[in-house]
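# Topology and contacts: notes
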Amino acid sequence: MKGTPENTVILHWDANRTAWGNLSWRDWIQFRGFGESGQSLLAGAEAGEHYFLVCILGDCGELANVIPHKYVMSADARLVHGFDGLGEAERREFVRIDVLRSPTIEDSERYNELNARSFTVNLPPAHTVQPLLRAMPGLAGAQPTAACWQFLSAIGISHSSSLAN
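In this report, the structure presented in the accompanying data block is examined.

The rules behind the values
- Residues numbered from 1 in each chain as written.
- Predicted model: local features only at pLDDT ≥ 70, side-chain atom pairs only at ≥ 80, totals over all residues.
- Heavy atoms only, no water.
- Helix = DSSP H or I, 4+ residues; strand = E, 2+ residues; numbered from the N terminus.
- Rg over C-alpha atoms; globule rule 2.2 N^0.38 Å.
- Buried < 20%, exposed > 50% of the residue type's maximum accessible area, 1.4 Å probe, protein only.
- Contact = heavy atoms within 4.5 Å.
- Lys, Arg positive; Asp, Glu negative; His and termini not counted.
- Charge placed at Lys NZ, Arg CZ, Asp CG, Glu CD.
- Phe/Tyr/Trp six-rings, centres within 6.5 Å; stacked < 30°, edge-to-face > 60°.
- Expected span 1.5 Å × (residues − 1).
- 1 Å grid on protein atoms, 1.4 Å probe; cavity = no way out; pocket = protein on both sides within 12 Å on 5 of 7 lines; lining within 4 Å.
- Points joined across faces, edges and corners; volume = space filled by probe spheres on them.

## Some thoughts on the overall build of the protein chain
- A count of helical and extended segments in the protein chain gives six helices and five strands.
- Each helix and strand of the protein chain, ordered N terminal to C terminal, gives the series β-β-α-β-β-β-α-α-α-α-α.
- In summary, the protein chain has a C-alpha radius of gyration of 17 Å against a globular reference of 15 Å for 165 residues, a match within 12%.
- The C-alpha extent of the protein chain, read off along each of the three principal axes, is 45 × 40 × 30 Å.
- Among the 165 residues that make up the protein chain, the fraction classed as buried is 38%.
- Considering only intrachain contacts with a sequence separation of at least 6, the fraction spanning at least 24 residues in the protein chain is 55%.
- In the protein chain, the 13 positive side-chain charges and the 18 negative ones have mean positions that sit 2 Å from each other.

Put into structure tokens, the structure is as follows:
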């Protein structure tokens, strides 16, 4: 399932308020450099590390997937660096394998290894998890086989603990 403005909620960790807040689709697109100006800018953002979660919802509003992002912002609220946890050669290898029509078993294993490492470095810090449980849309309705459980498990949330919250 792909994210669209209609089925996606973007959460941004506000370290000053120690809370997750919603970021509009327009602001997210602008920040990622896909807006009209083509610049990566997030108005009001302070310099430093920023965590974002792209929450994709299913047809009934249930949480279907979560894609974590971690970025460094400059003092003028511009994106300086995105994290993928890969070195330059590994990044080239990851892209090379990603476009293969029929990767070998070895290529697939290497792709999964690099992808897992890239995923892990983007996870939000542990102290943000409790506030996240209050802010995350559709968590109670997440299906047991939904892709969101990869993220939720990685931050220590299990099926049974999500039902209790």
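## Things to note about the packing of aromatic side chains
- Within this structure, the stated rule accounts for five aromatic pairs.
- Pairwise contacts between aromatic rings join Trp-28, Phe-52 and Tyr-71 into one cluster.

## As for helix H3 (residues 105–121)
- The terminal C-alpha atoms of H3, which comprises 17 residues, lie 25 Å apart, in line with the 24 Å expected from a rise of 1.5 Å per residue.
- Summarising the contacts, the buried residues of H3 are in contact with strand E4 (63–73), helix H2 (88–98) and helix H5 (148–154).

## Points about the layout of surface pockets
- The volume enclosed by the largest pocket comes to roughly 420 Å³.
- His-12, Gly-44, Ala-45, Glu-46 and His-50 are the residues nearest the centre of the largest pocket, which is lined by 22 residues in total.
- At the level of secondary structure, the elements contributing two or more residues to the lining of the largest pocket comprise strand E1 (8–14), strand E2 (19–23), helix H1 (25–31) and strand E3 (48–57).
- No other element matches E3, which puts four residues into the lining of the largest pocket.

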